[in-house]
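# Coordinates in review
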Amino acid sequence: MDLSLSEPELDLVAICRDFAQREIAVRAAAAWEEARCPTDLLRQMGELGLLGILVPEEWGGIGMSTVGFVAAMEEIGRADQSVAAAWQAHVTIGSLPLCLFGDDAQRERWLRPLAEGRALGAFGLTEPEAGSDARGIRTTAKRRDGGWLINGRKAFISNAGTDMSFGVTLLARVDPLEEEEPRFASFVVEKDTPGFTMGPKLRGIGWRGLDTRELYFDDVWVPHDHLVGDPGMGLSQFLRTLEVGRISIAALSLSLTQAVLDLAIDYARQRVQFGKPISKFQAVQFKLADIATELEAARWLTYRAAYLRDAGRPFRKEAAMAKLKASRVATWAASEAVQIHGGVGYMLETPVARFYCDSKVLEIGEGTNEIQHLVIARTLGC
Amino acid sequence: MAMNVVVCVKQIPDPAAPSSLDPGTKTLNRSGKLILDDSDSYGVEMALQLAGNVEGSEVTLVSMAPGGEVSGLRTALAMGAARAILVSDDSLAGSDALSTAKVLAAAIRRAEPDLVIAATESTDGYTGTLPVQVAELLGLPSVTFAKSVATDGRNLKVERQTEAGYDEVECPLPAVVTVTAGVVEPRYPSFKGIMAAKSKPVETLTVSDLGLDASQVGWAGARQEITDVSEAEARSAGEVVVDEGDGAERIVAFLEQVKVV
């Protein structure tokens, strides 16, 4: 079994490591305080080719493998989880619906600027009353005057409200609310479209640099060519194609775990109590050994899911398992790493405290872990 | 007017990795992988920006390195340079700055440059003499320590860094100019750039290809010999001052002593 990266994947990792350490990590502390989406860094990442990482070259991307994306995420996420979160939302759910279901005119118009890093992509699925129950969305799109009239509200939408955002691709039901088996479709709504407004940037426990908002659609009319894909395609089929987002959150979790492990090891070797570095005490050693072991377990679940996607094989179960395992490991490891740091680790001046705050959302976003359990259980025949 | 811009780039041992001296020759051990000297990335960026302003302009890299080393050149090619000329020859080991200048001048001449850009000095050798030697050998004017470079394709306009400020200097092309770190902000090579760099042409030449004689270069041609090296003074531990209510005055006294205030 060959688990080594290819030459282009290694080149990509080197780019990401260099950029992440020289440009992103050094700003992480200030970015936390600023609590603003660092679009200047995202634009620079666009110039490197990173914003089109999963998009074919034909549409302005670099056509990287999923495995390469995971490896790149390990580097970016270690430097700053907010930047990594904005990046992954852009490259997965922000770009893939256009890439996979858009026609060529739509790809040229909206996907290419995203892939070339000139704009930031967002996807609107979640609503105040529809989170895990995606089928419960109430945003509607009705045929009107040769186009579609959209009404509704979206919650926790990332990347739609920055100075680099082009708008949002949103999911809406195209049949009336009373229809029992409604059809769904996605639409592009560009910013500044009349009736499209948004709330203020929400403040999370972590991911402080991620721009997350509520979006409001009041009689928003878009022409028919803003409809992306076929409303006849089932909702689950549509959402399944976005399952790479689970691999992406798993990779983000790996990066966080690696970061807190590195910080905890550094600290444990420096911190002297009872006359010796605390890394010499078994209580600390065992914690570090456990984190390192669990990280490796999560890592190979994630890379295997990525490999299966690249090989064109089913990866639904593996992606759910990777996301479930890696996010659990991340929140647990962050807590243990703070514990090793003691009081210092509780203070937001230390990177480990910030990673701790960033960790919880990994168990919630891109399908809660409860949903991952359901997905896995179904594949077991339940 | 399209320009052919040549950039002298040095490939050096990674400054972040532990380095060693050859005990026999007292010169830097260059046997491992070499990387692009960071100080040359400014010259490469400057060249790319000047060439990018004029349709049809191109940037050619010129380097001398042992063992056919191209790792550093690939980095500069990934930034956007079109091609590279590498001079690599066993007889070049031991070359002093002047011998190196002769080799580079001969290689640069083949590229028929309108403008030659170099860093003010390398990060491993620090002689800072090579660019002006190259200019002299090529019979070209040289302008050093540029903090800003502009050209209309016929003349060069340079802001030359001085201790007090800067001089405005103009000279006709072709010319040699050395640029300081900070003249421009070097770009990061993009993924597409790195992929493209793998297939860009690198012409590898020997000393005889350049019409030079092995006796003029390397140990044989060196007029400079390193007779002795000594350890740099270890950084001292510093002085710990315990604040006994007079901390502020002690700090001020120290700053006055080192003439900072």
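Residues numbered from 1 in each chain as written. Chains lettered and ligands numbered in written order. Predicted model: local features only at pLDDT ≥ 70, side-chain atom pairs only at ≥ 80, totals over all residues. Heavy atoms only, no water.

## Quick word on the overall build of chain B
What counts is decided by this rule: Labels follow the DSSP assignment, with helices taken as runs of H or I lasting at least four residues and strands as runs of E lasting at least two, numbered in each case from the N terminus. Three exposure classes are used, based on accessible area relative to the maximum for each residue type with a 1.4 Å probe and protein chains only: buried under 20%, partly exposed in between, and exposed over 50%. Pairs of residues are marked as contacts when any of their non-hydrogen atoms sit within 4.5 Å. Accessible surface is estimated by sampling points in the Shrake-Rupley manner with a 1.4 Å probe; for residues, cover comes only from the protein chains shown. This count recognises Lys and Arg as positive and Asp and Glu as negative, with His and chain-terminal groups excluded. For charged residues, the charge sits on one atom: NZ in Lys, CZ in Arg, CG in Asp, CD in Glu.
Along the backbone of chain B there are seven helices and eleven strands. Overall, the C-alpha framework of chain B stretches about 70 × 45 × 40 Å when taken along its three principal axes. Counting over 261 residues, chain B shows a buried share of 41%. In chain B, the proportion of contacts linking residues at least 24 apart, taken out of those at least 6 apart, comes to 72%. Surface exposure of chain B reaches about 14100 Å², of which carbon and sulfur atoms provide 50%. Across chain B, 21 positive and 37 negative side-chain charges occur, with their mean positions spaced 7 Å apart.

## Section: a nonpolar patch on the surface
Residue and element names in this part refer to chain B. Put simply, the rule reads: Patch construction takes residues with relative accessible area above 30% that form no salt bridge. Like charges are linked within 9 Å, and nonpolar side chains (Val, Leu, Ile, Met, Phe, Trp, Tyr) are linked within 5 Å. Between Lys or Arg on one side and Asp or Glu on the other, a salt bridge is scored when a side-chain nitrogen of the former is within 4 Å of a carboxyl oxygen of the latter.
There is a patch of nonpolar side chains on the surface, built from F254, V258, V260 and V261 and spanning about 390 Å² of accessible area. Relative to the assigned elements, V260 resides in the segment after helix 7 (247-257). Overall, the relative accessible area of 58% leaves V260 in the exposed class.

## Digging into the packing of helix 3 (residues 39-48) of chain A against helix 5 (residues 81-91) of chain A
The description of two helices packed together rests on the angle between their axes and the distance between the axes. All names here are of chain A. Spelled out, the test is: All axes here are fitted lines through C-alpha atoms, helices being fitted over the stretch that makes contact, and every angle between N-to-C directions spans 0 to 180 degrees. If an angle is under 35 degrees, it is roughly parallel; if it is over 145, roughly antiparallel; if it lies from 65 to 115, roughly perpendicular; otherwise it is oblique. Definitions for this section: a left-handed crossing has its near helix turned counterclockwise from the far helix by less than a right angle. A right-handed crossing has that turn clockwise. Here the nonpolar group is Ala, Val, Leu, Ile, Met, Phe, Trp, Tyr, Cys and Pro; Asp, Glu, Lys and Arg are the charged ones; every other residue, Gly included, is treated as polar.
Remark: helix 3 packs on helix 5, axes separated minimally by 11 Å, with the N-to-C direction vectors making an angle of 55 degrees. Taken together, helix 3 and helix 5 sit at an angle that is classed as oblique. The interaxial crossing formed by helix 3 with helix 5 has right-handed handedness. Across from L41, L42 and M45 in helix 3, the residues of helix 5 making contact are V83, A86 and W87. Class assignment for the residues of the contact of helix 3 with helix 5 results in six nonpolar, no polar and no charged.

## Describing the environment of P182 of chain A
All names here are of chain A. Tracing the sequence through the fold places P182 in the loop between strand 4 (167-173) and strand 5 (184-190). Taking the C-alpha atoms as reference points, P182 and G136, 46 residues apart in sequence, are found 9.9 Å from one another. Contacts of P182, omitting those with residues within four sequence positions, involve R173 and D175.

## Quick notes on the interface of chain B and chain A
Cut-off, in case you're wondering: The buried area of a pairing is the accessible area, by a 1.4 Å probe, that goes missing from both parts when the two are put together, added over both. Polar contact is defined as a pair of N or O atoms within 3.5 Å, subject to the rule that within protein one atom must be able to donate a hydrogen and the other to accept it, and that residues adjacent in sequence are counted only when both atoms are side-chain atoms.
Counting residues at the interface gives nine residues for chain B and 15 residues for chain A. Where chain B abuts chain A, roughly 1000 Å² becomes buried across the two surfaces, and 63% of that area is made up of carbon and sulfur atoms. Looking at the side of chain B facing chain A, the largest losses of area belong to Y188, F191 and K192 of chain B, adding up to 66% of the total buried there. With a closest N to O distance of 2.7 Å, K198 of chain B and D11 of chain A form a salt bridge. For the pair chain B and chain A, the number of links is five residue pairs in polar contact (both at pLDDT 80 or more). When residues in the side of chain B that touches chain A are grouped by element, the largest group, four residues, is from helix 5 (residues 191-197) of chain B. Residue composition of the side of chain B that touches chain A, grouped by class: five nonpolar, one polar and three charged.

## Observations regarding helix 4 (residues 66-79) of chain A
Our working rule: To estimate how far a helix should reach, multiply one less than its number of residues by 1.5 Å.
An ideal rise of 1.5 Å per residue puts 20 Å on 14 residues; helix 4 of chain A measures up with 20 Å between its terminal C-alpha atoms. Burial runs high along helix 4 of chain A: 13 of the 14 residues are buried.

## What to know about the pattern of salt bridges
Scanning the entire structure with this criterion turns up 33 salt bridges over all chains. With a shortest N-O distance of 3.3 Å, R153 of chain A and E214 of chain A are connected by a salt bridge. Residue R153 of chain A is found in strand 3 (residues 147-158), and its partner E214 of chain A is found in strand 7 (residues 212-223); the two are separated by 61 residues along the sequence. Residue classification places E214 of chain A among the buried positions, given a relative accessible area of 18%. The partner of E159 of chain B in a salt bridge is K147 of chain B, with the nearest N and O atoms 3.5 Å apart.

## Quick look at the packing of aromatic side chains
Under the convention used in this document: The rule is short: rings of Phe, Tyr and Trp, with Trp giving its six-membered ring, pair when the centres are within 6.5 Å, and they are stacked under 30 degrees, edge-to-face over 60, tilted in between. Put simply, a charge is over a ring when the Lys NZ or the Arg CZ is close to the ring centre, within 6 Å, and near the line of the ring normal, within 35 degrees.
Here the structure, examined in full by the defined rule, presents eight aromatic pairs over all chains. Summarising the aromatic geometry, the rings of F69 of chain A and W87 of chain A are spaced 5.4 Å apart at their centres and angled 70 degrees between planes, so their arrangement reads as edge-to-face. Separated by 18 residues along the polypeptide, F69 of chain A in helix 4 and W87 of chain A in helix 5 bring together distant segments of the chain. Like F69 of chain A, the residue W87 of chain A is buried in the burial classification. On the basis of an interplanar angle of 85 degrees and a centroid distance of 6.3 Å, the ring pair of F274 of chain A and F281 of chain A is categorised as edge-to-face. Take F281 of chain A: its relative accessible area is 25%, and that puts it in the partly exposed class. Each member of the aromatic cluster is reached from another via a ring pair, and the members are F101, F123 and F238 of chain A. One residue, K147 of chain B, lies across the ring of Y166 of chain B, its end atom 4.5 Å from the ring centre.

## Topic: the confidence of the model for chain B
The condition that has to hold: Confidence of the predictor at the level of single residues is captured by pLDDT, which takes values from 0 to 100.
The predicted model of chain B averages 91 in pLDDT, with 100% of residues at 70 or higher. Interface confidence for the predicted complex, given as ipTM, is 0.88, next to a pTM of 0.89.

## Digging into the pairing of strand 2 (residues 140-144) of chain A
Within a regular beta strand, the side chains point alternately toward one face of the sheet and then the other, so they alternate between its two faces. Residue and element names in this part refer to chain A. Operational definition: At least two DSSP bridges between two strands are needed for those strands to be called paired.
Direction of pairing for strand 2 relative to strand 3: antiparallel, over a ladder of five bridges. The residue bridging R143 from the neighbouring strand is W148, located in strand 3. Connecting the antiparallel pair strand 2 and strand 3 is a turn made up of two residues, with D145 showing a positive phi of about 50 degrees.

## Concerning the domain arrangement of chain A
All names here are of chain A. Operational definition: As used throughout, domain bounds are those supplied by an automatic or database domain assignment.
Structurally, chain A comprises domain 1 (7-115), domain 2 (123-231) and domain 3 (236-379). Put simply, the middle of domain 1 and the middle of domain 2, counted by C-alpha atoms, are 23 Å apart. Every contact between the two is made by 26 residues of domain 1 and, on the other side, 23 residues of domain 2. Buried area between domain 1 and domain 2, summed over both chains or domains, comes out near 2100 Å², and the portion from carbon and sulfur atoms is 61%. On the surface where domain 1 and domain 2 come into contact, there are three salt bridges. A salt bridge links R109 to E190, with the nearest nitrogen and oxygen atoms 3.6 Å apart. On the surface where domain 1 and domain 2 come into contact, there are eleven residue pairs in polar contact (both at pLDDT 80 or more). At six residues, helix 5 tops the list of elements feeding residues into the side of domain 1 that touches domain 2. A per-class count over the side of domain 1 that touches domain 2 returns 15 nonpolar, seven polar and four charged.

## Remarks on the sheet that holds strand 9 (residues 166-172) of chain B
Residues and elements named next belong to chain B. Here we have nine strands laid out as an open sheet, ordered 9-8-7-10-6-1-4-5-11, and mixed in their pairing. Two strands in the sheet have a free side with no partner beyond their single neighbour: strand 9 and strand 11 (202-205). Between one strand and the next, the sheet's axes are offset by a mean angle of 35 degrees, whatever the strand orientation. Examined bridge by bridge, strand 1 (residues 4-8) and strand 6 (residues 115-119) share three bridges and lie parallel to one another. Bridge pairing in strand 6 links V6 to V116.

## With respect to the nonpolar core
Nonpolar side chains in soluble globular proteins tend to end up buried together. As a reminder of what qualifies: Only buried Ala, Val, Leu, Ile, Met, Phe, Trp, Tyr and Cys residues count toward a nonpolar core, and they belong to the same one when joined by side-chain atoms within 4.5 Å.
The biggest cluster of nonpolar side chains holds 142 residues, and the ones touching the most others in it are M45, I53, I76 and W87 of chain A together with L61 of chain B. When neighbours within four sequence positions are excluded, M45 of chain A is seen to be in contact with F19, I24, L50, L51, I76, V83 and W87 of chain A. Counting 28 residues, the second-largest nonpolar core is a separate cluster that includes I85, A105, A135 and L138 of chain B.

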